[in-house]
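In case you want the letters, here they are:
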Amino acid sequence: MRNPLADKVVNIKPSGIRKFFDIVIEMKDAISLGVGEPDFDTPWHIRDEGIYSLEKGRTFYTSNAGLKELKVEICRYLNRKMNLTYDADHEVIVTVGGSEAIDIGLRAMINPGEEVLIPQPSYVSYEPCALLADAVPVIIELKAENEFRLTKKELLEHITDKTKVLILPFPNNPTGGIMERSDLEAIAEVIIEKDLFVISDEIYAELTYLDERHVSIAELPGMWERTIVINGFSKAYAMTGWRLGYACGPANIIEQMIKIHQYAIMCAPTTSQYAAVAALRDGDEDVAGMREEYNQRRRYLMNAFREMRLECFEPYGAFYVFPCIKEFGMTSEEFATRFLTEEKVAVVPGTAFGDCGEGFLRISYAYSLDNLKTAVDRLQLFVERLREEQRIKEN
Amino acid sequence: MRQKILKMIEHNSRINTGELAVLLGVEEIDIINQIAAMEAEGVICGYHTLIDWDKTYIEKVSALIEVRATPKRGQGFESIAERIYKYPEVSSVFLISGAYDLLITLEGKSLKEVSMFVSDKLSTLDSVLSTATHFILKKYKDHGTILTKKYEDKRELITP
């Protein structure tokens, strides 16, 4: 029999997270700080709207690009929050999570051999999606000393005449790093000059902890027309399981994305779309409440790390901290595996998000404070033990 | 800042000021001063413990009692409310809009004790016109805390 498989797919590396997951699942009583989704339930009024839509028998397809009502609310929301203006009829597509938007965005924009710039550490799907779109992924390794922000210099160094799209993953999973207005302005200059496009994954836009709100790169002069903004409901409204996201951008790009979406997906889940309308209409307070709780946990962890002298830059976004463990002289995977087996706490090695995540761990604070406290106590014990081991080795 | 402090200690009055300072991102001394000021002003009136008595061996009966009463000229319901809240078995007294005037919550050792209180003490007060007693059979949620179910993390252990 012939080989039934496509080389393109077979050659994609298995997810580093998956590998670690298989180890964790064996540990029965482990506590986990390894989850990339909110611990909150979807606010009740949003769930209620989903239930109501089922009761009313709204169980059919919506139009390919999404429910008109929802697209209108998305436009209002982006306008209210980020001063972005989109036409609900031509410049919005509702997708199955932000993930689908990443995939179809790349497929709509890339010709074989064109280069996509992917800053890492970052979410696990950019590189595989780029490969599946026949792009050449070009990794930009972000640095801890820049708080994992993308600098103008780093961007310039990676641009060739094949470069077409920059993926901009901020606020960032796994580092918690953000790009402030001035950071974006610096790179926007280069993007315009080099005639690039941006896929800006802003799924964590609601979860930033500085006084100034999240800024979308599409807000900057000259950037709207070269940016696809990706956002969704998973993180802000604790709706991961509803699988709902969206992309906004210039009509000519969105039109092609809708074409792929209509053949591959048809439309995003109808129940979720009705629920999402309620989220955007009346969800601001829910989001503010959850943000405040995340922020408290973030402060708690930063303080705990300071006290145990664990190196960590202060992250201002998402719900992750990304401490550095280089002082212990082991790889992220060794650290995470030992921490799991000896203290029964699961964290994700930074390398799951790119090679340059080596020497770091992703710790999620989408957990109750009590849960975090238990984990921090165990981390402290573990860190002290490692330091003791090092002292013995040195003498 | 006061609002944030109150929100935190309303759910957990045992949280220490140092931890509160870390969580809210402010100086501990400011927290101490604010709490002291709010205690002095009577904004913070006490620190209680939420107990699910059903899980203990101590027998307790709680009841809600609706009271219709005649207000007194010049002082409204003040004097009747005061008369009622002085009984130690009464745990709260609220003036209510709607079909009746006062809502009383009461704790006693047994049904009989609560009934005796209503018939002997409450109903016999001059300004009380009528009462309706509702015994609490089960508490599902109290002071924002769900008593019947433990939180269970339903998420996968590791996700990207």
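Residues numbered from 1 in each chain as written. Chains lettered and ligands numbered in written order. Predicted model: local features only at pLDDT ≥ 70, side-chain atom pairs only at ≥ 80, totals over all residues.

This part covers the overall build of chain A. Looking only at helices and strands, one finds 13 helices and 12 strands in chain A. Taking 21 Å as the expected radius of gyration for a compact globule of 395 residues, we find that chain A reaches 21 Å, a close match to that expectation. Here chain A holds 395 residues, and the buried ones make up 49% of them. Looking at chain A alone, contacts between residues at least 24 apart form 76% of all its contacts between residues at least 6 apart. (Helix = DSSP H or I, 4+ residues; strand = E, 2+ residues; numbered from the N terminus. Rg over C-alpha atoms; globule rule 2.2 N^0.38 Å. Buried ≥ 20, exposed ≤ 12 C-beta atoms within 10 Å, placed from the backbone. Contact = placed C-beta atoms within 7 Å.)

A few words on the overall build of chain B. Of the regular secondary structure elements, chain B holds 5 helices and 6 strands. Along chain B, helices (α) and strands (β) appear in the sequence α-α-α-β-α-β-β-α-β-β-β when read from the amino end. Relative to the globule expectation of 15 Å for 160 residues, the C-alpha radius of gyration of chain B, 21 Å, shows a markedly less compact shape. Expressed along its principal axes, the backbone C-alpha trace of chain B runs to roughly 65 × 40 × 30 Å. Contacts in chain B between residues far apart in sequence, at least 24 positions, make up 56% of those at least 6 positions apart.

All names here are of chain A. Splitting chain A by domain gives domain 1 (7-42 + 285-385) and domain 2 (44-283). Here the C-alpha centroids of domain 1 and domain 2 sit 25 Å apart. Every contact between the two is made by 35 residues of domain 1 and, on the other side, 37 residues of domain 2. Elements with a contribution of two residues or more to the side of domain 1 that touches domain 2: α11 (284-307) and β9 (320-321). Ranked by residues supplied to the side of domain 1 that touches domain 2, first place goes to α11 with 7 residues. Tallied by class, the residues present in the side of domain 1 that touches domain 2 amount to 20 nonpolar, 8 polar and 7 charged. (Domains from an automatic or database assignment. Nonpolar A, V, L, I, M, F, W, Y, C, P; charged D, E, K, R; others polar.)

Looking now at the sheet that holds strand β4 (residues 136-141) of chain A. Residues and elements named next belong to chain A. Taken in spatial order, the 7 strands line up as β2-β8-β7-β6-β5-β3-β4 in an open sheet, and their pairing is mixed. Only two strands of the sheet have a single neighbouring strand rather than two, namely β2 (92-95) and β4. In this sheet, neighbouring strand axes are inclined to one another by 20 degrees on average, regardless of whether the strands run parallel or antiparallel. With 6 bridges joining them, strand β3 (residues 115-120) and β4 adopt parallel strand pairing. Along β4, the bridge assignment pairs Q120 with E141. Contacting β2, β7 (227-232) and β8 (245-248), helix α9 (residues 251-264) crosses the sheet at an angle of about 30 degrees to β2. (Pairing = 2+ DSSP bridges. Axes fitted to C-alpha atoms, helices over the stretch in contact; angles between N-to-C directions.)

All names here are of chain A. It is at 11 Å that the axes of helix α12 (residues 332-343) and helix α13 (residues 369-394) come closest, and there the two elements cross at 110 degrees. By the angle class used here, α12 and α13 are roughly perpendicular. The crossing of α12 and α13 is right-handed. In this structure, α12 contributes F339, E342 and E343 to the contact, and α13 contributes R378, L381 and F382. Split by residue class, the contact of α12 with α13 holds 3 nonpolar, no polar and 3 charged. (Parallel < 35°, antiparallel > 145°, perpendicular 65-115°, else oblique. Left-handed = near helix turned anticlockwise from the far one by under 90°.)

In this complex, chain A contributes 19 residues to the contact, which on the side of chain B involves 9 residues. Of all the secondary-structure elements, those providing two or more residues to the side of chain A that touches chain B are α2 (16-26) and α11 of chain A. When residues of the side of chain A that touches chain B are assigned to their parent elements, the largest contribution, 5 residues, is made by α2(A). By residue class, the composition of the side of chain A that touches chain B is 11 nonpolar, 6 polar and 2 charged.

Turning to the pairing of strand β3 (residues 102-108) of chain B, a few remarks are in order. Residues and elements named next belong to chain B. Relative to β3, strand β1 (residues 61-69) is paired through 7 bridges, and the arrangement is antiparallel. Its bridge partner lying in β3, V67 is registered against L102. Note that strand β2 (residues 90-95) and β3 share 5 bridges and pair antiparallel. Residue pairing for β3: S92 is matched across the bridge by T105. Where β2 folds back on β3, the antiparallel hairpin that results is connected by 6 residues, among which G98 adopts a positive phi of roughly 115 degrees.

Attention shifts here to the nonpolar core. One finds L106(A) and A247(A) to be the most contacted residues of the largest nonpolar core, which totals 123 residues. Structurally, this core is a two-domain feature, drawing no fewer than three residues from each of domain 1 (7-42 + 285-385) and domain 2 (44-283) of chain A. Excluding residues that lie within four positions of it along the chain, A247(A) makes contacts with I93(A), T95(A), A101(A), G105(A), I228(A), V229(A), I230(A), I254(A) and M257(A). Ranked by size, the runner-up nonpolar core spans 14 residues in total, among them A69(B), I80(B), V118(B) and V128(B). (Core = buried A, V, L, I, M, F, W, Y, C linked by C-beta atoms within 7 Å.)

Quick look at the domain arrangement of chain B now. Split into domains, chain B comes out as domain 1 (2-41) and domain 2 (53-137). For domain 1 of chain B and domain 2 of chain B, the distance between their C-alpha centroids amounts to 34 Å.

Residues and elements named next belong to chain B. Spatial strand order, β2-β3-β1-β4: 4 strands in an open sheet with antiparallel pairing. Strand pairing shows two members of the sheet lacking a second neighbour, β2 and β4 (128-135), which therefore form its edges. The sheet shows a mean angle of 20 degrees between the axes of neighbouring strands, taken without regard to direction. Judged from the 7 bridges that link them, β1 and β4 form a sheet pairing that is antiparallel. Note that in β4 the partner of V67 across the bridge is T131. Relative to the sheet, helix α4 (residues 78-85) contacts β1, β2 and β3, its axis offset from that of β2 by approximately 165 degrees.

All names here are of chain A. Between helix α4 (residues 68-82) and helix α10 (residues 270-282), the shortest axis-to-axis distance is 9 Å and the interhelical angle comes to 30 degrees. With respect to each other, α4 and α10 are oriented roughly parallel. Note on packing geometry: the crossing formed by α4 with α10 is left-handed. From α4, E69, L70, E73, I74 and Y77 reach across to α10, where they touch Q273, A276, V277, L280 and R281. Looking at the contact of α4 with α10 residue by residue, the classes come out as 6 nonpolar, 1 polar and 3 charged.

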